[in-house]
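Architecture at a glance
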Amino acid sequence: MVKLTGSPESLRRQNRTNVLNCILNHEAIDRTQLALETGLTTTAITRITRELIEAGILETGAKSPLKSGPGRNRTKLKFAPDNTFVIGINFAAWERQMVLANLKGEVIAYLPFQLSNPQDSEQTLVEISNMVDRFIDLQNIKRHRILGVGFAIAGIVNSIDGRLDSSPYLGWQNVEIGKTLSESLGLQVAVENLNNIIAMAETRYGCCAKKKDVMLVRVGPGLGGSFLFDGKLARGNSFQAGQIGHIPVVKDGILCACGQKGCLNTIASGWSILADLKLSVPPASSPLRLVNDGILLEDVINRAKNGDKVVERAAFKSGHALGQMLSGLYQALAPEVILTVGPIAEISSYVDGIISAASENNINLPLFTPEDQKFKSVASSAALHGLSEFLFSPRFRLTDLMPNISIQAGPDLRETSP
Ligand SMILES: [Zn+2]
């Protein structure tokens, strides 16, 4: 549990956050157990859970066999799943979609979308905002029951203020995505780098649950990464962490789209497989060819899955180059799990290449592949990011869900058990 410091209001929010996270870890839990695990008094727990029930976030479930007093069974509390919602948007190079999810992160509605001119940031954000409005209207739900929007984008993101610093594939620079969408939609918007969103969703709710030190590598036309240490995202200086595709590995090697020569992208990415097969040309992982290379890669992936030996050899070679780098990163950072995601990581010979390079270094990598991934769509991971930001954090605003009622907090909410 987070240590309690700060103003009464921030303590109150933190207590509520602790209660919500405790329930999340259990699915269903009674008030006595909640008090024990959060360190709050039973009076405080009673007040907090009553507010959450009134707000439609929690519901009472089955009676626990344990007694809370003479003759009384304890009532279990759980999330009321289909009362409150969150929106997830994936704005990647060749996959754009939005989803509406419930409090369990289950997708209720899904909409792939196209944009008329993705290079124009101003026009694109207006189009996205209009599409979200229409999407909400079609769902037959009350708008105030939407907690907010999680927004995944490939690029360097200042996730604190929702500003995109740069996105090479779009050519966008310094775009206030969070502020612009939040103002036009009247909803909270959390913008985050796509790799970080996948890593956090899987760590919190998916295949890496209960792991604290997680490394993610996403392999498409280029390579991207994300690191969580002790359960926290490592953002790096100026939000630049995770760009493993640009680690220099070959002296005077092939030109990379970043302008340097011999980056990891040139020998270990989807692009390097295409180049090996004479299907693409330098610079590696160029934003200008991203869509075209993506289409070529779909064909290459199918060939590999059908046992095409030439493609398998090229994929193994690229995987081997990544495995060499991962061996070093594993030694330096000691992750509990290395999660490889993205279309190229679905090629078994690519993964064989990773494992082979590591074993040559006498390392047994704790590798997870896309088969282990729980959330296959980035938009659903983005929705889960919205839940983390707008429900399971002190940013949660209870009163937004009940626009006609103002909740008064008593002093008992600020108390902790001795
Ligand atoms: Zn580079």
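Just so you know, these numbers come straight off a predicted model, no measurement behind them.

Along its sequence, the protein is organised into domain 1 (8–81 + 404–414), domain 2 (85–199 + 376–390) and domain 3 (209–368). The interface of domain 1 with domain 2 comprises six residues on the first partner and four residues on the second. Summed over both partners, the interface of domain 1 with domain 2 buries about 420 Å², with 59% contributed by carbon and sulfur atoms. Of all residues in domain 1, the largest losses of buried area upon contact with domain 2 belong to Ile57, Phe79 and Pro81, amounting jointly to 74% of the total for that side. Taken together, the links from domain 1 to domain 2 amount to zero salt bridges. Taken together, the links from domain 1 to domain 2 amount to two residue pairs in polar contact (both at pLDDT 80 or more). Tallied by class, residues from the side of domain 1 that touches domain 2 come to five nonpolar, one polar and no charged.

The next point concerns the nonpolar core. A general tendency of soluble globular proteins is for nonpolar side chains to be buried together. With 37 residues, the main nonpolar core has Leu52, Ile57, Phe79, Leu387, Leu391 and Phe396 as its most contacted residues. Among the secondary structure elements, those contributing two or more residues to this core are α1 (8–26), α2 (31–38), α3 (42–54), β3 (72–79), β5 (96–102), α6 (194–205), α12 (378–390) and α13 (398–401). Top contributing element to this core by residue count: α12, with five residues. When residues of this core are assigned to domains, at least three fall in each of domain 1 (8–81 + 404–414) and domain 2 (85–199 + 376–390). Residues in contact with Leu391, not counting those within four places in the same chain, are Leu20, Ile57, Phe79, Leu103, Leu147, Gly386 and Phe396.

Moving on to the coordination of the zinc ion. Coordination of the zinc ion by the protein is provided by His246 (ND1), Cys256 (SG), Cys258 (SG) and Cys263 (SG), with metal-donor distances spanning 2.0 to 2.4 Å. Coordination at the zinc ion is tetrahedral, judged from the four donor atoms that bind it and the angles of 102 to 130° they form at the metal. Read in sequence order, the donor residues for the zinc ion give the motif H-x9-C-x1-C-x4-C.

Our focus in this paragraph is the pattern of salt bridges. In this structure the tally under the stated criterion is 19 salt bridges. A salt bridge links Asp161 to Arg163, with the nearest nitrogen and oxygen atoms 3.9 Å apart. Note on Asp161: relative accessible area 38%, which makes it partly exposed. Put simply, Glu9, Arg12 and Arg13 are held in one network by salt bridges that share partners.

Attention shifts here to the pairing of strand β9 (residues 163–167). Most of β9 sits out of view: four of its five residues are buried. Inspection of the sheet shows strand β8 (residues 156–158) paired to β9 by three bridges, in the antiparallel sense. Bridge assignment links Val157 to a residue of β9, and that residue is Leu164. Two successive antiparallel strands, β8 and β9, enclose a turn made up of four residues, where Gly162 displays a positive phi of approximately 70°.

Definitions and cut-offs
- Residues numbered from 1 in each chain as written.
- Predicted model: local features only at pLDDT ≥ 70, side-chain atom pairs only at ≥ 80, totals over all residues.
- Heavy atoms only, no water.
- Domains from an automatic or database assignment.
- Contact = heavy atoms within 4.5 Å.
- Buried area = accessible area lost by both parts, 1.4 Å probe.
- Salt bridge = Lys/Arg side-chain N within 4 Å of Asp/Glu carboxyl O.
- Polar contact = N/O pair within 3.5 Å; in protein donor to acceptor, adjacent residues only side chain to side chain.
- Nonpolar A, V, L, I, M, F, W, Y, C, P; charged D, E, K, R; others polar.
- Core = buried A, V, L, I, M, F, W, Y, C linked by side-chain atoms within 4.5 Å.
- Buried < 20%, exposed > 50% of the residue type's maximum accessible area, 1.4 Å probe, protein only.
- Helix = DSSP H or I, 4+ residues; strand = E, 2+ residues; numbered from the N terminus.
- Donors = N, O, S within 2.8 Å, 3.2 Å for Na, K, Ca; no water.
- Tetrahedral: all angles 85-135°; square planar, octahedral: opposite > 155°, others 65-115°.
- Pairing = 2+ DSSP bridges.

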